Amino acid sequence: MQRLVILGGGESGVGTAILGKKEGYDVFVSDRGKIKEEYKNVLKHFEINWEEEIHTESKILNANVVMKSPGIPDKVALIQKLHEKGIPVISEIEFASKYTNATIIGITGSNGKTTTTMLTNYIFKEAGLHVGMAGNIGDSYAKMVSENSYDYYVLEISSFQLDGIIDFKPHIAILTNITPDHLDRYDYKFENYIASKFRIAKNQGSEDYLIYDADDEVIVKWLKENPVKSQLIPFSIKEQLEEGAFIQDKKIIIKTQNNTIEMTTETLALEGKHNLKNTMAASTAAKLVSIRKETIRNSIAAFQGAEHRLEKVLKINHVQYINDSKATNVNATYYALDSMKTATVWIVGGVDKGNNYKELMPLVREKVKAIICLGEDNSKIIDAFGNVVDLLVETYAMEEAVKVAYKIAGRGETVLLSPACASFDLFKNYEDRGNQFKTAIKNL
């Protein structure tokens, strides 16, 4: 019997344990921290052995294969030992894909991947396809594979999950964009992070597709120097293309294999240039699996975006409050500020992952009337923008930040939470941060 050891007893770990048990592995789950009660109950129900608050090496180094949670860096001594012993260390995406024959649409990128994943899934569902959505979003992919026999999976995939693949290959891969993010996990080398994202296409063949942003210089340059085997389908909002998706006369045009569809951009439910790109990517994927253009048109007109991503919360005294807590890097915040149409009070800050705030300077000068810092160390933000805006306030709790914003924002203006940073100093995660923001607004 093959031994499957799982490091991390969270959603993906427990999901993989269930699938491993079903497929006849001897399964063991080990977590350095505490395992949540709900997950322990699941492990007990399936009679899976587990330990918490320790990694017992003797129970781990005898594995045939190890699935590690994406949160565990490769640099950790235990992972190094596994590598030295030649034991494969893989991600949930790699493990689960071996046990499904579904057509996989894999979506990665620094920003926009959640919205693109949700929109792709929504169009597929509206078309009546039997589809599951998993990966970095929602339920565990492995658990889904153990319980369902979907025809399609739409997977949001992070670079950390791609680092743990060997044979995984999506039939359709989408690469939304690449901007510096998580560089602390990639030796602060941007090229390592780029290479990681491109692993999504590494096993693709000539019968597969890579949909990518042709306006993204990083992607275009990398593809020139590192050709892939899959069929390339670009999308662009800057230029018209021979093949792919582009804008012409306020219409989205998608040309693939001598077949063209047109859709007006005026009925899109999602606002902003970046959402135009997300819509083009999702619509192209839908077209490649032969979904009817009426279904695609109706879906993109009806779709309401992801929570915590440019989510309109409330209007109070003619001030619009917007929750963009999912913006955990500068590029995501760039998109948010770019889509602001009024003077903006910007709430920013958290754990900085090596941010360069200079890129935001023109937008801050043009749109931001005041900055409210929300983090334990705001020095970089103050250095960057202290002389640019008239008012910069430091706060250390969400309730306080929202109260200050309420005092500063005038009629017809916007309060935007778009932190450009990770959330782990004051909050559990970006969802917790966004939910606290929404609660504080409702309590005003």
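### Quick notes on the overall build of the protein
The number of helices and strands found in the protein is 17 helices and 20 strands. Its C-alpha atoms give the protein a radius of gyration of 22 Å, near enough to 22 Å, the size a compact globule of 444 residues would have. Residue burial in the protein is summarised as follows: out of 444 residues, 57% are buried. The distance from the centre of the 54 positive side-chain charges to the centre of the 59 negative ones in the protein is 2 Å.

### Digging into the packing of aromatic side chains
Evaluation of the coordinates by the stated rule reveals 10 aromatic pairs. Look at Phe124 and Tyr152: their rings are 5.5 Å apart centre to centre, the planes differ by 90°, and that puts the pair in the edge-to-face class. Here Tyr152 lies in strand β8 (residues 152–156) and Phe124 lies in helix α6 (residues 113–126), a separation of 28 residues in the sequence. A relative accessible area of 17% places Tyr152 in the buried class.

### Overview of the nonpolar core
Judged by nonpolar contacts, the single largest core of 50 residues is most densely connected at Leu4, Tyr141, Tyr153, Leu155 and Phe198. The contact partners of Tyr141, leaving out residues within four places of it in the chain, are Glu92, Ile93, Ala96, Ser97, Thr100, Ile104, Ala134, Gly135, Tyr153 and Leu155. Core analysis: the next-biggest nonpolar cluster, separate from the first, contains 33 residues, Val131, Met263, Leu288 and Phe303 among them.

### Here's the deal with the pattern of salt bridges
Following the criterion strictly, the structure yields 24 salt bridges and no others. Glu94 is the partner of Lys98 in a salt bridge, and the nearest nitrogen-oxygen pair spans 2.9 Å. With relative accessibility at 2%, the residue Glu94 sits in the buried group. A salt bridge links Glu207 to Lys169, with the shortest nitrogen-to-oxygen separation between them at 3.0 Å. Placement of the pair is Glu207 in the loop between α9 (190–198) and β10 (209–213) and Lys169 in the loop between α8 (159–163) and β9 (172–175), with a sequence separation of 38 residues. A residue is classified by how much of its surface remains accessible, and Lys169, at 34% relative accessible area, is partly exposed.

### Side note on the sheet that holds strand β15 (residues 311–316)
The sheet built from six strands is open, its strands ordered β15-β16-β20-β17-β18-β19 with mixed pairing. Looking at which strands have only one partner, the edges of the open sheet turn out to be β15 and β19 (391–395). Across the sheet, the mean angle from the axis of one strand to that of its neighbour is 20°, orientation sign disregarded. Summarising the sheet, β15 and strand β16 (residues 319–323) pair through five bridges and their orientation is antiparallel. Looking across to β16, one finds that Lys315 is bridged to Gln320. Contacts between helix α16 (residues 398–408) and the sheet are confined to β15, β16, β17 (344–348), β18 (368–374), β19 and β20 (414–417), with β18 contributing the most and set at about 165° to the helix.

### A closer look at the packing of helix α1 (residues 11–22) against helix α2 (residues 37–45)
Packed helix pairs are specified by the crossing angle of their axes together with the interaxial distance, meaning the distance between the axes. The interhelical angle for the contact between α1 and α2, taken along N-to-C directions, is 10°, at an axis separation of 10 Å. By the angle between their directions, the pair α1 and α2 is classed as roughly parallel. Along the contact surface, α1 presents Glu11, Val14, Ala17 and Ile18, while α2 presents Tyr39, Val42 and Leu43. Looking at the contact of α1 with α2 residue by residue, the class counts come to six nonpolar, no polar and one charged.

### Looking at the environment of Lys229
Its location among the elements puts Lys229 in the loop between α10 (217–225) and β11 (231–235). A sequence separation of 92 residues divides Lys229 from Ile137, and the C-alpha atoms of the two residues are 28 Å apart. With near-sequence residues (within four places) excluded, Lys229 lies in contact with Gln204, Gly205 and Ser206.

### Points about helix α11 (residues 273–288)
End to end, α11 covers 23 Å across 16 residues, agreeing with the expected 22 Å (1.5 Å per residue, within 8%). Extensive coverage of α11 is indicated by the burial of 15 of its 16 residues.

### Some remarks on the packing of α16 against helix α17 (residues 430–442)
Across the interface, α16 lies against α17 with an axial gap of 9 Å and an inter-helix angle of 50°. With respect to each other, α16 and α17 are oriented oblique. The chirality of how α16 crosses α17 is right-handed. Only Arg433, Gln436, Phe437, Ala440 and Ile441 of α17 make contact with α16, whose side of the interface consists of Met398, Glu399 and Val402. Its residues assigned to classes, the contact of α16 with α17 comprises five nonpolar, one polar and two charged.

### Let's talk about the layout of surface pockets
Quantified by volume, the second largest pocket comes out at close to 570 Å³. For the lining of the second largest pocket, the secondary-structure elements that each account for two or more residues are β15 and β16. In terms of residue class, the lining of the second largest pocket is built from six nonpolar, 10 polar and eight charged.

### Some remarks on the pairing of β8
Taken across its five residues, β8 has five buried, putting it largely inside the fold. As paired strands, strand β6 (residues 103–108) and β8 are joined by five bridges and run parallel to one another. What sits directly across from Gly106, in β8, is Leu155. When strand β7 (residues 131–135) meets β8, the two strands line up parallel, connected through five bridges. Residue Ala134 lies in a different strand from β8, and its bridge partner there is Leu155. In this fold, the crossover linking β7 to β8 by way of helix α7 (residues 141–147) has right-handed handedness.

Calculation criteria
- Residues numbered from 1 in each chain as written.
- Predicted model: local features only at pLDDT ≥ 70, side-chain atom pairs only at ≥ 80, totals over all residues.
- Heavy atoms only, no water.
- Helix = DSSP H or I, 4+ residues; strand = E, 2+ residues; numbered from the N terminus.
- Rg over C-alpha atoms; globule rule 2.2 N^0.38 Å.
- Buried < 20%, exposed > 50% of the residue type's maximum accessible area, 1.4 Å probe, protein only.
- Lys, Arg positive; Asp, Glu negative; His and termini not counted.
- Charge placed at Lys NZ, Arg CZ, Asp CG, Glu CD.
- Phe/Tyr/Trp six-rings, centres within 6.5 Å; stacked < 30°, edge-to-face > 60°.
- Core = buried A, V, L, I, M, F, W, Y, C linked by side-chain atoms within 4.5 Å.
- Contact = heavy atoms within 4.5 Å.
- Salt bridge = Lys/Arg side-chain N within 4 Å of Asp/Glu carboxyl O.
- Pairing = 2+ DSSP bridges.
- Axes fitted to C-alpha atoms, helices over the stretch in contact; angles between N-to-C directions.
- Parallel < 35°, antiparallel > 145°, perpendicular 65-115°, else oblique.
- Nonpolar A, V, L, I, M, F, W, Y, C, P; charged D, E, K, R; others polar.
- Expected span 1.5 Å × (residues − 1).
- Left-handed = near helix turned anticlockwise from the far one by under 90°.
- 1 Å grid on protein atoms, 1.4 Å probe; cavity = no way out; pocket = protein on both sides within 12 Å on 5 of 7 lines; lining within 4 Å.
- Points joined across faces, edges and corners; volume = space filled by probe spheres on them.
- Right-handed = clockwise from strand over helix to strand, strands pointing away.

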